[in-house]
Structures are given as structure tokens and as C-alpha cells.
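Letter by letter, the chains look like this.
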Amino acid sequence: MLDMVFDLFTENDRISLLESIKDKNVLPRKIMIEGANYYNRFPIPKHLEHKKLMEEFLHEKYLRTYLLKDSWINKVTIDTNKEDAYHFDMSNLTIVTYLNDDFEGGEFEYIDDFNSKVKITPQKNLSLIMNGYLKHRVLPVSKGERYSLVSFFDVIKKYKNTLI
């Protein structure tokens, strides 16, 4: 499953998220993947309004309760993410929101139900919502810096029936 949603965040929200990582005290975690590939991952404060906004949006859209598990901002440059392998996320649902569009490359590529490769060109304030079974990757950036908010959610399962 892959859904595309525009303007999940306001322009002010998007700018605030980008500014949250420009603080000199916020350093990226360089996450090495398969020895040659790495991402710059910037942690973002969990108290930001984006958490509540996304959880409410998901509940209204899918009629299920999702809880934000983890969230960060990925910065992809021409020096990072050169050979991203197809992978699955370790969550029930992932939202990737593009925070800028002043770069080239960096397309989102996934394998559809017919085993075909499909590319999505990032656009500022486009959010991709995918379940944990979507095999995907990020293609290299050829110019500029690509910023995206990546958020992972798990479903809150109801184990007890109630009459209310």
C-alpha cells in the first residue's frame, strides 16, 4: 500500500521542522548501511506538534489508532545514499514527507504488486504513506540536499471488546 497526500503540514510547520535541525547543538547520526551507504539522520524533539497532527490524520484516514514510534529528518546529499538497497521498514506504517525540492535526483523507488519498479519524484510537502510491506529505496541525489521527515508508526491493537 502506498498513498500520496499533499499538504499534510502547513508551510510554517515545514519551515519549523527544517529550522529544528539547524541548531548548532543538533548533530546528525551517520547511520552506515552495508559499508558504503550512509544517511545523515537528525533527531527531532518528540514534543513537536507534528506527532499529534500525524496521529490524528492517520486515525481519520484509516480508522485505526497509530502511535508514533520514531521520527527524524533525513538529509541526503551527493555524498550519501549512493547505493541504497531495497528494504522494508520495521513499522506498521511509515510517512515520508519531503521538506524541500531544491535538489535533483533522490527519487523514491518501490516495487509494486506486479513486481515493477515505480519512481516517485519528490515534491515539497508531498507525504508518502506506506505500510511495512512495501519494498523501497531512495535513489542518489545528483545536486543539492534533500530533506525529508521520516516517521514510523505502529498500530495500537485492541484486545478487549467493550460495549461503549
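Quick caveat: nothing in here was measured; it's all calculated off a predicted structure. For every chain, the first residue of its written sequence is number 1, and the numbers climb from 1 along that sequence. Per-residue local features of the predicted model are confined to residues with pLDDT of at least 70, and side-chain atom pairs are confined, for both listing and counting, to 80 or more; whole-chain, interface and lining totals are unaffected and use all residues. Derived side-chain values reflect all non-hydrogen atoms in the structure, with water molecules and hydrogen atoms excluded from consideration.

Remarks on the environment of D102
Phase 1: Runs of H or I in DSSP of at least four residues are treated as helices and runs of E of at least two as strands, each being numbered from the N terminus. In this fold, D102 is placed in the loop between β5 (93-98) and β6 (104-105).
Phase 2: The class for D102 is exposed, based on a relative accessible area of 60%.
Phase 3: As for D102 and E145, which are separated by 43 residues in sequence, their C-alpha atoms are 7.5 Å apart. Partly exposed residues are those whose accessible area sits between 20% and 50% of the maximum for their type, while under 20% is buried and over 50% is exposed, using a 1.4 Å probe and protein chains only.

Considerations on the nonpolar core
Phase 1: Nonpolar core, defined: a set of buried Ala, Val, Leu, Ile, Met, Phe, Trp, Tyr and Cys residues in which side-chain atoms within 4.5 Å join the residues together. In this structure, I73, L149 and F153 are the most contacted members of the largest nonpolar core, which totals 21 residues.
Phase 2: Every element with two or more residues in this core is listed here: α1 (11-20), α2 (50-62), β4 (66-76), β5 and β12 (146-155).
Phase 3: Take this core: its biggest share by element is 4 residues, from β12.
Phase 4: Between two residues, a contact is recorded if the distance between any of their heavy atoms is within 4.5 Å. When near neighbours in sequence (up to four residues on either side) are disregarded, I73 contacts L17, S20, I21, N40, R41, F42, I44, L99, Y147, S148 and L149.
Phase 5: Grouped together as the second largest cluster of nonpolar side chains are 12 residues, V96, L126, M130 and L134 included.

Re α1
Phase 1: Listed in full, the buried residues belonging to α1 are R14, L17, L18 and S20. The buried side chains of α1 occupy one side of the element, clustering within an arc of 160° when seen end-on. Those residues of α1 that are exposed and angled more than 90 degrees off the buried face are N12 and E19.
Phase 2: Looking at the buried side of α1, the elements it contacts are α2, β4, β5 and β12. To obtain the arc, one takes the directions from the helix axis to the C-beta atoms.

Re the sheet that holds strand β8 (residues 117-120)
Phase 1: In this scheme, strands are said to pair when DSSP sees at least two bridges between them. Strands sit in the order β8-β7-β10 across an open sheet of 3 strands; the sheet is antiparallel. If you trace the sheet from one side to the other, it starts and ends with β8 and β10 (136-138), each paired once. The average angle at which neighbouring strand axes cross in this sheet is 20°, direction not considered.
Phase 2: Examined bridge by bridge, strand β7 (residues 108-111) and β8 share 4 bridges and lie antiparallel to one another. When the bridges of β8 are listed, Y110 appears paired with V118. Here, axes are lines fitted to C-alpha atoms. For helices the fit covers the stretch in contact, and angles between N-to-C directions go from 0 to 180 degrees.

Everything listed here is a matter of coordinates, which is why it stays silent on function.
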